[in-house]
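Here is what each chain is made of, one letter per residue.
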Amino acid sequence: MALHPINHVWEQGRAYALLGPSGCGKTTLLNIISGLIFPSQGRVLFDGKDVTQLPTEQRNIAQVFQFPVIYDTMTVGENLAFPLKNRRMERAAIKARVAEIADLLDLTNDLSRRARALTVEAKQKVSLGRGLVRADVAAMLFDEPLTVIDPALKWHLRSKLKAVHRALDLLMIYVTHDQVEALTFADEVVVMKDGRVLQVASPAQLFERPEHTFVGYFIGSPGMNLIAAKVSDHVAHVSGHDIELGARYPKIKNGDAVIGFRPDFASLAPEGGIPVQVRRIEDLGRRRLARVALGPHEIFANVPEGVSIGGGTAGLSIQQDRLFVYVDDELVLGDRR
Amino acid sequence: MSISLENVTVVTMGESIVTDVSLTVERGSINVLLGPTLAGKTTLMRLMAGLDRPTGGRILVDGKDATGVPVRERSVAMVYQQFMNYPSLTVYENIASPLRVARLKGDEIDRRVRRAAGVLGLEPLLGRLPHQLSGGQQQRTAIARAIVKNADLVLFDEPLANLDYKLREELREELPSILREAGSILVYATTEPLEALLLGGLTATLSQGRLVQFGPTPRVYHAPSSIDSARVFSDPPLNEITVIKQDGSLRLGQDLVVPAVGVTAAISDGVYRVGFRGDLARIGMAWPASISLSGRVALAEISGSETFVHVETGLGTFVCVERGVSMRQPGQPVVLHVDADRAFVFDDTGSPVVIAPSA
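The model shown is predicted, which means the values in this text are computed figures rather than measured ones.

Rules behind the numbers
- Residues numbered from 1 in each chain as written.
- Chains lettered and ligands numbered in written order.
- Predicted model: local features only at pLDDT ≥ 70, side-chain atom pairs only at ≥ 80, totals over all residues.
- Helix = DSSP H or I, 4+ residues; strand = E, 2+ residues; numbered from the N terminus.
- Buried ≥ 20, exposed ≤ 12 C-beta atoms within 10 Å, placed from the backbone.
- Contact = placed C-beta atoms within 7 Å.
- Pairing = 2+ DSSP bridges.
- Axes fitted to C-alpha atoms, helices over the stretch in contact; angles between N-to-C directions.
- Expected span 1.5 Å × (residues − 1).
- Bend = angle between axes of the 7 residues up to and from the residue.
- Parallel < 35°, antiparallel > 145°, perpendicular 65-115°, else oblique.
- Left-handed = near helix turned anticlockwise from the far one by under 90°.
- Nonpolar A, V, L, I, M, F, W, Y, C, P; charged D, E, K, R; others polar.
- Arc of directions from axis to C-beta.
- Domains from an automatic or database assignment.
- Core = buried A, V, L, I, M, F, W, Y, C linked by C-beta atoms within 7 Å.

### Quick notes on the overall build of chain B
So, step 1. Helix and strand counts for chain B stand at eight helices and 20 strands.
So, step 2. With respect to the three principal axes, the spread of C-alpha positions in chain B is 75 × 45 × 45 Å.
So, step 3. Within chain B, buried positions represent 45% of all 359 residues.
So, step 4. For chain B, the share of sequence-separated contacts (at least 6 apart) that also reach a separation of at least 24 residues comes to 66%.

### Examining the sheet that holds strand E18 (residues 330-332) of chain A
Residue and element names in this part refer to chain A.
So, step 1. Ordered in space as E10-E9-E11-E17-E18, the five strands form an open sheet in which the pairing is antiparallel. Either end of the sheet is taken by a strand with one partner, and the two such strands are strand E10 (241-249) and E18. Going across the sheet, the axis of each strand differs from the next one's by a mean of 55°, ignoring polarity.
So, step 2. Pairing geometry for strand E9 (residues 225-238) and E10, over five bridges, is antiparallel.

### Describing helix H5 (residues 165-182) of chain B
So, step 1. Look at H5 of chain B: 25 Å from first C-alpha to last across 18 residues, which is about the 26 Å you get at 1.5 Å a residue.
So, step 2. Of all the bends in H5 of chain B, the largest measures some 40° and sits at Leu-175 of chain B, one to four residues before the proline Pro-176 of chain B.
So, step 3. Listed as buried for H5 of chain B are Lys-166, Leu-167, Arg-168, Arg-172, Leu-175, Leu-179 and Ala-182 of chain B.
So, step 4. Looking at the buried residues of H5 of chain B, the elements they touch are helix H8 (213-218) of chain A together with strand E3 (30-34), helix H4 (135-148), strand E7 (153-157), strand E8 (185-190) and helix H6 (193-199) of chain B.

### Section: the packing of helix H2 (residues 91-101) of chain B against H4 of chain B
Residue and element names in this part refer to chain B.
So, step 1. At a closest axis distance of 8 Å, the pairing of H2 and H4 adopts a crossing angle of 25°. Relative to H4, the element H2 is oriented roughly parallel. Relative to H4, the crossing made by H2 is right-handed. Residue-level contacts link Val-91, Asn-94, Ile-95, Ser-97, Pro-98 and Leu-99 of H2 to Thr-141, Ala-144, Arg-145 and Val-148 of H4.
So, step 2. By residue class, the composition of the contact of H2 with H4 is six nonpolar, three polar and one charged.

### Description of helix H5 (residues 151-168) of chain A
Three- or four-residue spacings in an α-helix give side chains the same orientation, since the helix completes a turn every 3.6 residues.
So, step 1. Taking 1.5 Å as the rise per residue, H5 of chain A with 18 residues should run 26 Å; its terminal C-alpha atoms sit 26 Å apart, in good agreement.
So, step 2. Within the sequence span of H5 of chain A, burial applies to Lys-154, Arg-158, Leu-161, Lys-162 and Val-164 of chain A. With its buried residues spanning 160° around the axis, H5 of chain A presents them on a single face.
So, step 3. For H5 of chain A, the elements touching its buried residues are helix H3 (91-104), helix H4 (120-132) and helix H6 (179-185) of chain A together with strand E16 (290-302) of chain B.
So, step 4. Of the residues one or two after H5 of chain A, Asp-169 of chain A is the one with positive phi, at around 50°.

### What about the domain arrangement of chain B?
The accessible area lost on association of the parts is a frequent measure of interface size.
So, step 1. When its domains are assigned, chain B resolves into domain 1 (2-232) and domain 2 (239-346).
So, step 2. One C-alpha centre belongs to domain 1 of chain B, the other to domain 2 of chain B, and the line joining them spans 37 Å.

### Quick notes on the nonpolar core
So, step 1. Core analysis: the largest hydrophobic core is formed by 157 residues, its most contacted members being Ala-17 and Tyr-174 of chain A together with Leu-155 of chain B.
So, step 2. Here this core gets six residues from one element, more than from any other, and that element is H4 of chain B.
So, step 3. Each residue touching Ala-17 of chain A, except ones within four places of it in the same chain, is listed here: Tyr-174, Thr-176, Ala-182, Phe-185, Ala-186, Val-189 and Val-190 of chain A.
So, step 4. Membership of the second largest hydrophobic core comes to 30 residues, among which are Ile-259, Ala-301, Val-303 and Leu-316 of chain A.

Okay, structure coming up:
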């Protein structure tokens, strides 16, 4: 099964991202919304109207793909005007709308240039503009639109997308495997794996309180540290060490659980805390990251500014309010009294 | 063994692709070519491999002129952005293929294939065909094939670019130790600053076909030799302000004058470009020596471990990197403090202004 049953309401004016690894079903879901694929079961409703069997062209959807889809031999202006000419809109109205969209995307100075001569980034903006130019667009769908764009230009295009979103009050849905793109783009992120939705939440919630171990692992660079542990009440036992959980978990069967904490909320000091073996310390430019071992478990932790760590043993401290317990991959809430 | 490019220039159809590049890469070293698309990374690698001839300059192998010596007479392996494996061969045979071409004995082939597969975590997959593998596994196979024959030169042309974000992250973590084992001259092209930092070794920053800086990776990052090098090695992009130093003050833009503190205290009067990465700008709390700008939040992008806050000021929009999740609302008025002790100062030619170390 490519996609398990999903119920979700996509609201006007919000930006969503579908995030997950290859084969998780995110593109299938996008194609169901756009009408490229018909679902085996269930319905797709736009403003309450059943569009499940309608083809893409009758759904008023605009799409931007991984590679720019434009007419190379036309100018930028002609490209933007094309969808409107097809709909037999009046010349003056076309001109006004094209000018408006070009202004929004910083393409005004390029309007008379041939599309062929543009950079990939500018071409991708033209693709976006062709989608936006129609006034009746119900939703704008993006399928990995920044894949072929250089890192420095991604910054520019990302802010442009946000500006467009604010200016036009559109529903936008963005498919990607790239957590940075998903989190920076969306108000709400749908994390998917193996055709299932694991969590739908704001970027902040996904980072701060992942409800599933996969979400913890997939979001964040590196992802959450996930360690098998025996939990008895308020303590987790890991390789002969006791880790205070800051909450009570009396009902876990046999105490079999996984504890999870982000590298960002664990820090390393020369001593104190849980004794760990230092494997490697990486200078990532604006932060230092340590890879340490606790028994057979590998853990990533922050090295705070000004702290110097030699080899050998060091002390790991974990922020208690950022330490979570999972059973069968699902978050279990403790009693914090 | 070493390969040197000596004043190498490549002109194609009247256009300069590479201009006057001199660079020496040595056995046992990881050399990162860092730069945006069209910076000349692939062209330089093709020259080193002997696939192309330079328009001008020489290529020396161990000091001997090897300009124009074709690739099959050199010992070279390459990994590309696209996953390239023989579709009808198993993972085992894919990795073994260069050894079979070299007519090694069966047991020696087996020993080497298993070792390379072990390093790359491919042992359970040796019997599979490429189409039965994930993208990450296919690229691991290609990397294993490249390192198995102990070639003198192994070239990686953005090998992780087509992988999922998470797979890229995992392979990035493992690559440095895998590559250190190889003992070849390793040259690795990437557009991503973080990848260069993780690989370590040496980094060459490239911009528009020119070599800007070459040296140990952390040094190139922390002490750029020019504004171009700092630009290439910054993500988010380098923030820049033009300042005029006069009588102990800095004039910023039309009407803002602030005290010249930190590194700007010691520079002589004149026009400079101050460059600062996103982590040297913070909102709210001043640094021991700050250049402070008032502005408004234009956009706050939460990426997980960090939040990128775009702050609009009278001097332009700057990106500030805050740790963790930071809830900043667009339109919110803020004061942005730039760390004046650690900012880079460049003169009008883009060279860094050297500050005498305080004894």
